[in-house]
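Residue-level listing of the chains:
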Amino acid sequence: QVQLVESGGGLVQAGGSLRLSCAGSGRTFSRYAMGWFRQAPGKEREFVAAVTWTGGSTRYADSVKGRFTISRNNAKITVYLQMNSLKPEDTAVYYCAAGPGVPSDSEREYTYWGQGTQVTVSS
């Protein structure tokens, strides 16, 4: 069993930065691939970034490549999403998720989900 709690969201101006954290619990956390997804008002949840259980491989949505960085610290049981050069279209609730497979862009590959943290980017 893995439990996930996101933090670090907030209000930021366009061009600014935020770092989201996802704190996990459970002995098997380090065995899971981790992903970040987001859901904007009136839209479906979409993939943002994912990382392997070792942290050695990552993947990103085209919309965030070069601006966002996903990383993890298994010793601290935490996954991070560093978000730079934020845009108003990045406004959404951000969710972290854990899954036993490869770092996928599909929600169906993830078993555990956090409750989400709101990110609002003003223009």
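These numbers were taken from a predicted model, which means no experiment stands behind them.

Undergrad: Requested: an account of the packing of aromatic side chains, with residues and values cited.
TA: Within the structure shown, the criterion is met by five aromatic pairs. Arranged with centres 5.3 Å apart and planes meeting at 80°, the rings of F37 and Y110 form a pair that is edge-to-face. Of this pair, F37 sits in strand β4 (residues 33-39) while Y110 sits in the loop between β9 (92-99) and β10 (112-113), and the two are 73 residues apart along the sequence. Each member of the pair, F37 as well as Y110, carries the same accessibility label: buried. Here F37 and W113 contribute two aromatic rings whose centre-to-centre distance is 5.1 Å and whose plane-to-plane angle is 55°, an arrangement assigned as tilted. Pair noted here: F37 is in strand β4 and W113 is in strand β10, with a separation of 76 residues, a long-range link. Taken together, F37, F47, Y110 and W113 form an aromatic cluster joined through their ring pairs. The positively charged end of R45 is found above the aromatic ring belonging to W113, 4.0 Å away from the centroid.

Undergrad: Quick rundown of the state of the cysteines? Include the residues and the values.
TA: Using the criterion set out here, one finds one disulfide in the structure. Through a disulfide, C22 is tied to C96; the S-S separation comes to 2.0 Å. Its S-S torsion of about 50° marks the bond between C22 and C96 as right-handed, since a negative value means left-handed. Of this pair, C22 sits in strand β3 (residues 18-25) while C96 sits in strand β9; the two residues are 74 residues apart in sequence, bridging distant segments of the chain. Residue C22 shares its accessibility class with C96, and that shared class is buried.

Undergrad: Can you lay out the environment of S21 for me, pointing to particular residues and giving the numbers?
TA: Within the element layout of this structure, S21 appears in strand β3. C-alpha of S21 to C-alpha of L81: the two residues are 60 residues apart in sequence and 6.5 Å apart in space. Those residues in contact with S21, other than ones at most four positions away along the chain, are V5, E6, S7, W36, T78, V79 and Y80.

Undergrad: Quick rundown of the sheet that holds strand β7 (residues 68-73)? Include the residues and the values.
TA: Within the open sheet, the four strands sit side by side as β1-β3-β8-β7. Their pairing is antiparallel. Sheet topology places β1 (3-7) and β7 at the edges, where each strand pairs with a single neighbour. Looking at each pair of strands side by side, their axes are set apart by 15° on average, direction ignored. Direction of pairing for β1 relative to β3: antiparallel, over a ladder of five bridges. Residue pairing across strands places V5 opposite A23, the latter belonging to β3.

Undergrad: Talk me through unusual backbone geometry; I want residue IDs and the actual numbers.
TA: Both trends apply: most residues other than glycine have a negative phi, and most peptide bonds are in trans. Of note, the phi angle at I77 is positive, near 55°, even though the residue is not glycine. Tracing the sequence through the fold places I77 in the loop between β7 and β8 (78-83). Take I77: its relative accessible area is 26%, and that puts it in the partly exposed class.

Undergrad: With reference to specific residues and values, describe the pattern of salt bridges.
TA: Any two side chains of opposite charge can pair, given that their charged atoms come close. What the rule picks out here adds up to six salt bridges. Where E107 meets R45, a salt bridge forms, and the shortest distance between an N and an O atom there is 3.1 Å. With E107 in the loop between β9 and β10 and R45 in the loop between β4 and β5 (46-51), this pair connects stretches of sequence that are 62 residues apart. Taking the relative accessible area as the measure of exposure, E107 reaches 30% and is therefore partly exposed. A relative accessible area of 26% places R45 in the partly exposed class.

How each quantity is defined
- Residues numbered from 1 in each chain as written.
- Predicted model: local features only at pLDDT ≥ 70, side-chain atom pairs only at ≥ 80, totals over all residues.
- Heavy atoms only, no water.
- Phe/Tyr/Trp six-rings, centres within 6.5 Å; stacked < 30°, edge-to-face > 60°.
- Helix = DSSP H or I, 4+ residues; strand = E, 2+ residues; numbered from the N terminus.
- Buried < 20%, exposed > 50% of the residue type's maximum accessible area, 1.4 Å probe, protein only.
- Lys NZ or Arg CZ within 6 Å of the ring centre and 35° of its normal.
- Disulfide = S-S within 2.5 Å.
- Contact = heavy atoms within 4.5 Å.
- Pairing = 2+ DSSP bridges.
- Axes fitted to C-alpha atoms, helices over the stretch in contact; angles between N-to-C directions.
- Salt bridge = Lys/Arg side-chain N within 4 Å of Asp/Glu carboxyl O.

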